[in-house]
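A structural walkthrough
Letter by letter, the chains look like this.
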Amino acid sequence: MKIMLKCIAFVTVFSMLFSHTTNLLMRHDDEANEIHAFYSEPKDSIDVLYVGSSPLLRGVSPMLMWQEHGFTGYVRASALQAPVVSYGLLSESLRHQNPSLVVLLCDNIFLEYDYAEREGDLRRGLDGMKMSPEKLHIMQKVTEEDPRQSMLSYAFPLMRYHDRWKEIDLAEEEPEPLLEHSFKKGNVYLRENAPQAYQAHFMEPTGEAAPAFQEEARGYIEKSIALCKEKEIPVLLLHLPKMAWSYAQSMALQSFAEENGAMYLDLDLAENRAQLGLDPQMDYYEQGHMNLTGTVKVSRWLGNWLDERYDLPDHRNDPAYAENWNIDWAEYAQRTGLSEN
Amino acid sequence: MAFTSFRFVIFLAFAVAAYFLTPKRCRWVTLFVANYVFYLISGGKFFVYLLATTVTTYVATVRLGNMAAKNKEAFTKAKETLDKEGKKAWKADFTRKKRRVLIPALLFNFGILAVLKYSAFVTGNLNLLFAKLGIGTELPLFRFLLPLGISFYTFQSMGYLIDVYREKVEPERNFAKLALFISFFPQIVQGPIGRFNALAEQLYRPNEFSYERMKFGIQLMLWGAFKKMVIADRVAVMVDTIFGFPETFGGCYVAVAALGYCIQIYGDFSGGIDIAAGAAQIFGITLEKNFERPYLATSIPDFWRRWHITLGAWFRDYVFYPLSLSKFFMKLGKKGRKFLGNYVGKLLPVLIPQFIVFFLIGIWHGAEWKYIAFGVYNGSLIVLGILFEQPLQNLAKKLSIRMDCFSWRLFQVLRTLVLVALGKIITRAPGVGASAYMMRSMVENWDTDIFFQGGLLTLGLDHKDLWIFFLSCCVLLTVSLMQEKGIAVREALAKQNLYFRWVIYICAVFSLILFGMYGLQYDASDFIYRGF
């Protein structure tokens, strides 16, 4: 009995130190923090769930939609999110939440995903996820594709970041655990502006064929749509504004959405662009991402569009939601400067 | 399955749990199953070679055992009727009969080892020779993948076979038990090479669980992992850089690489042995010692008594003594005294077998000319050491050199280390030519840039890594000196206060986690946003 108690005490002390060291050495990207903070949202409290790559992260503000329409939302996005990660995040999220709409960003359907080259991006998506069957599946897939990486290092990130002590000043570094609650609801906005210009004949029909879908990505998106259908949740495939996009790609995704019984919305199509009122000189962080002013324009337009087409509730007068969401909005508005508008 | 992998830790945990949860009389069966599961996971299809060695060893030893029993019975009946010569003839006849069983088994098993390990080397060199002689024949070059631990389990099982032949041990008649002895998973990968009379009983008996033993076993495994992952794998970066470009580096760089490789190979090999011994200790099994602070040796023979002890002992018992005590070498000694004088002649039956043993040890290390050169180098050092031992002692007396003081011992240790390090250059350099070039350039291009012009930082380790390496070596040296003084470190630690012990344990584990060289090394550039 005494030995057992000693072992338990030792393991407890060791676990605490291990956790502290992990916090100290682990990289904390915004994506990992936002993906992790999702767990603090009360069960079945999210109305619109957004999953996909970084354009969502930068370009969609659930807080703004809350303020203007009263429905809640959360973005679980990360830079160049692998299709397997998107499917895992969606699947895991749907065990916690029962949203009225799932929005998937599917631009990566055209992309050959190089797992060995994209370790940093994979970790941005995975390091914030709690251990779950979905995470385990992603870990298996990643380590199968890139044998240099290990399951252990995804389960215990310290195993990956263990020699980061060489690059950081431990005397100055404050241990930062993953974020527990986010007022941004997954929207990691950027303020810098890089003026852009549309290429000639941007999004005009040219008759050229769209690049082929990447089969693995297509498979995971189809599985995502099927999962939502099974749970009777409508799916919107979304394309957010970016400079490197074509009419042919848009049409290919439109057909894909129709084949799979989902809706497709492309904000780069001429009629939508006209309504959005984006200024390429002012609203882009770089060619693939909105900056904050672009985010506000996109989110306002998208909020209206979603509110008109889907049966999304307005919780602004519901005390169960309003108290927390208004506190978060106040913080968000103050940080973004939207409270001054 | 590498000993320092998480898979091995999980496997060991399951094996230990299964072993102690099994009823006592069946525990050896659990261990036997664990061994074969380990081998199948790690060695896969090569398991058939292990099985072939086990079957042939079993058949041969049981046959030898039966022959010995029958011979004993017959001899007991007949001995009254035999005179001294008759008894001698009987013995010789029986030895011949036993050899008819022993030799095919030895040839079969060493044959497998030779074909798998050396055939490509032999045929490759024969083809070179044919080409030089203008013979138009080209032998096919077969390169085989080596079964896991083949050099170790072959030597272990053949040692047992010879022991049965010599009637030093009774043959094991239970096939599964023999298979357990040959395949014990902690030692099959890199030794130590076990002896049947020391190991078998420990494997077959139902060992009781002991918390103390488990604690000591884990401590030894941690220490082994520290030596391998923190010291050996770290200095390997620097060593690989220098030995990878022998034409680029000269002078002190070669000296640093040689010393670094001495530390690397010791940390790697003895670390692995410590992990094996620690794992075995958890089961209640004590493996034979394989290293005894070799770099504190005062001479080359002393070094070989401390380095890979079980391999040296195997060659001593199964090669050196049979050769040295053979009629041929006895006669050679007598003849030698006539032609070479009493001193050298008397030593001949020792010198030549010693040289042969070290030549074979060289070949055992690998199928390349550099290993043959390594064997010749060590054999020559041993022979010269024996030959000049007495004259040098006489010289030291004449020069009034005190040989019972620290400074002399330090000189001996450093001298031995230099000779060992030169040998390591032979085995680590890409080839014999490269090692000769490196040794030459070490002398001819002697410069100290590596220490004063930041050269040390250009070899793959930054200054933080070098500090970790230096401090870890200090820990290793401190522990080695304590052990040399007869202090049992783990036992001494066990007598300390709980809090102190926990601090030590936690520091040990975290030093492995934080300073161990494993997985992908962190590089911030892997994590920058690219391509969106």
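Quick caveat: nothing in here was measured; it's all calculated off a predicted structure. (Residues numbered from 1 in each chain as written. Chains lettered and ligands numbered in written order. Predicted model: local features only at pLDDT ≥ 70, side-chain atom pairs only at ≥ 80, totals over all residues.)

**Things to note about the overall build of chain A**
Broken down by element type, chain A carries 14 helices and seven strands. A globule of 341 residues ought to have a C-alpha radius of gyration of about 20 Å, and chain A, at 21 Å, matches this closely. Seen through its principal axes, chain A has C-alpha atoms that stretch 75 × 45 × 45 Å. For chain A, the share of sequence-separated contacts (at least 6 apart) that also reach a separation of at least 24 residues comes to 83%. (Helix = DSSP H or I, 4+ residues; strand = E, 2+ residues; numbered from the N terminus. Rg over C-alpha atoms; globule rule 2.2 N^0.38 Å. Contact = placed C-beta atoms within 7 Å.)

**Describing the overall build of chain B**
Of the regular secondary structure elements, chain B holds 21 helices and zero strands. The C-alpha atoms of chain B give a radius of gyration of 26 Å, which matches the 24 Å a tight globule of 532 residues would have. Counting only C-alpha atoms, chain B reaches 90 × 65 × 60 Å along its principal axes. Going through the 532 residues of chain B one by one, you find that 35% of them count as buried. Residue pairs in contact within chain B that sit at least 24 positions apart in sequence constitute 74% of those at least 6 positions apart. (Buried ≥ 20, exposed ≤ 12 C-beta atoms within 10 Å, placed from the backbone.)

**What to know about the nonpolar core**
Ranked by size, the top nonpolar core spans 114 residues in total, and within it Phe181, Leu203, Ile242 and Ala257 of chain B carry the most contacts. Per-element tally for this core: the top contributor is helix H10 (residues 252-282) of chain B, with 17 residues. With 73 residues, the next largest nonpolar core counts Ala77, Tyr285, Leu312 and Tyr321 of chain A among its residues. (Core = buried A, V, L, I, M, F, W, Y, C linked by C-beta atoms within 7 Å.)

**Here we look at the domain arrangement of chain B**
All names here are of chain B. As assigned here, chain B comprises domain 1 (6-209), domain 2 (210-287 + 430-517) and domain 3 (296-401). On a C-alpha basis, the centroid separation for the pair domain 1 and domain 3 is 27 Å. With eleven residues of domain 1 at the contact, the number on the domain 3 side is seven residues. Of all the secondary-structure elements, those providing two or more residues to the side of domain 1 that touches domain 3 are helix H4 (84-133) and helix H5 (150-165). Considering only residue class, the side of domain 1 that touches domain 3 consists of seven nonpolar, three polar and one charged. (Domains from an automatic or database assignment. Nonpolar A, V, L, I, M, F, W, Y, C, P; charged D, E, K, R; others polar.)

**Details of the pairing of strand E1 (residues 48-52) of chain A**
The side chains of a regular strand alternate between both faces of the sheet. Residue and element names in this part refer to chain A. Here E1 lies mainly inside the structure; five of its five residues are buried. Residue alternation in E1 divides its side chains into two sets, Val48, Tyr50 and Gly52 and Leu49 and Val51, and both sets are buried. Two elements, E1 and strand E2 (residues 73-77), share five bridges in a ladder whose sense is parallel. Residue pairing in the sheet places valine 51 in a bridge with arginine 76 of E2. Direction of pairing for E1 relative to strand E3 (residues 101-105): parallel, over a ladder of four bridges. Bridge pairing links valine 51 to leucine 104 in E3. (Pairing = 2+ DSSP bridges.)

**A closer look at helix H6 (residues 119-126) of chain A**
Residues and elements named next belong to chain A. Among the eight residues of H6, six are classified as buried, and the element is accordingly described as predominantly covered. Along H6, the positions that sit buried rather than exposed are Asp121, Leu122, Arg123, Arg124, Gly125 and Leu126. In this fold, the buried residues of H6 make contact with helix H2 (30-37), helix H5 (83-96), helix H7 (133-145) and helix H8 (151-155).

**With respect to the interface of chain A and chain B**
At the interface, 27 residues of chain A touch 20 residues of chain B. Residues belonging to the side of chain A that touches chain B are distributed by class as follows: eleven nonpolar, eight polar and eight charged.

**A word on the packing of helix H3 (residues 47-78) of chain B against H5 of chain B**
All names here are of chain B. With their axes 9 Å apart at the nearest point, H3 and H5 run at an angle of 5° to one another. As far as their axial angle goes, H5 and H3 are roughly parallel. On H5, the residues touching Tyr49, Leu50, Thr53, Thr57, Ala60, Thr61, Leu64 and Gly65 of H3 are Ile150, Tyr153, Thr154, Ser157, Tyr160, Leu161, Val164 and Tyr165. Partitioning the contact of H3 with H5 into residue classes produces ten nonpolar, six polar and no charged. (Axes fitted to C-alpha atoms, helices over the stretch in contact; angles between N-to-C directions. Parallel < 35°, antiparallel > 145°, perpendicular 65-115°, else oblique.)

**Topic: the sheet that holds E3 of chain A**
For sheets, the rule is that strands pair by backbone hydrogen bonds, running either parallel or antiparallel. All names here are of chain A. Taken in spatial order, the five strands line up as E2-E1-E3-E4-E5 in an open sheet, and their pairing is parallel. Only two strands of the sheet have a single neighbouring strand rather than two, namely E2 and strand E5 (263-266). The mean inter-strand angle of the sheet, taken between neighbouring strand axes irrespective of direction, is 20°. As paired elements, E3 and strand E4 (residues 235-239) share four bridges and run parallel to each other. Residue pairing across strands places leucine 105 opposite leucine 238, the latter belonging to E4.

**A look at unusual backbone geometry**
A cis amide bond, omega 0°, links glycine 191 of chain B with the succeeding residue proline 192 of chain B. Relative to the helices and strands, proline 192 of chain B resides in the loop between helix H7 (185-188) and helix H8 (196-204). Phi is positive for leucine 80 of chain A, close to 40°, though the residue is something other than glycine. Tracing the sequence through the fold places leucine 80 of chain A in the loop between E2 and H5. Exposure remark for leucine 80 of chain A: the 23 C-beta atoms within 10 Å place this residue in the buried category. At histidine 201 of chain A, a position not held by glycine, the phi torsion is positive, near 60°. Turning to its location among the elements, histidine 201 of chain A is positioned in the loop between helix H9 (158-161) and helix H10 (215-230). Exposure remark for histidine 201 of chain A: the 10 C-beta atoms within 10 Å place this residue in the exposed category.

**Here's the deal with helix H14 (residues 342-365) of chain B**
Residue and element names in this part refer to chain B. End to end, H14 covers 35 Å across 24 residues, agreeing with the expected 34 Å (1.5 Å per residue, within 8%). Largest kink in H14: about 50°, centred on leucine 348, with the proline proline 349 one to four residues after it. Three or more residues of H14 are buried, namely Leu347, Leu348, Pro349, Leu351, Pro353, Gln354, Val357, Phe358, Ile361 and Gly362. Looking at the packing, one finds that the buried side of H14 touches helix H12 (309-324), helix H13 (327-340) and helix H15 (369-398). (Expected span 1.5 Å × (residues − 1). Bend = angle between axes of the 7 residues up to and from the residue.)

**Focus on the packing of H5 of chain A against H7 of chain A**
All names here are of chain A. Contact geometry of H5 with H7 gives a least axis separation of 9 Å together with a crossing angle of 170°. Here H5 lies roughly antiparallel to H7, going by the angle between them. Each of Val84, Val85, Gly88, Ser91 and Glu92 in H5 lies in contact with H7, whose residues at this interface are Glu134, Lys135, His137, Ile138 and Lys141. A breakdown of the residues in the contact of H5 with H7 according to their chemical character gives three nonpolar, three polar and four charged.

**A short note on the environment of aspartate 121 of chain A**
Residues and elements named next belong to chain A. Within the secondary structure layout, aspartate 121 lies in helix H6. Residues aspartate 121 and serine 53, spaced 68 residues apart in sequence, show a C-alpha to C-alpha distance of 9.9 Å. The residues contacting aspartate 121, other than those within four sequence positions of it, are Ser78, Ala79 and Leu80.

**Quick word on the environment of glutamate 444 of chain B**
Looking at the secondary structure, you find glutamate 444 of chain B in helix H17 (residues 432-444). Separated by 193 residues in sequence, glutamate 444 of chain B and glycine 251 of chain B place their C-alpha atoms 7.0 Å apart.

**Examining the pairing of E3 of chain A**
For E3 of chain A, the buried fraction is high: five of the five residues fall into the buried class. Both faces of E3 of chain A are covered, namely the face carrying Leu101, Val103 and Leu105 of chain A and the face carrying Val102 and Leu104 of chain A.

**Considering the environment of glutamine 390 of chain B**
Among the secondary structure elements, glutamine 390 of chain B is positioned in helix H15. Between the C-alpha atoms of glutamine 390 of chain B and tyrosine 343 of chain B, which are 47 residues apart in sequence, the distance is 10.0 Å.

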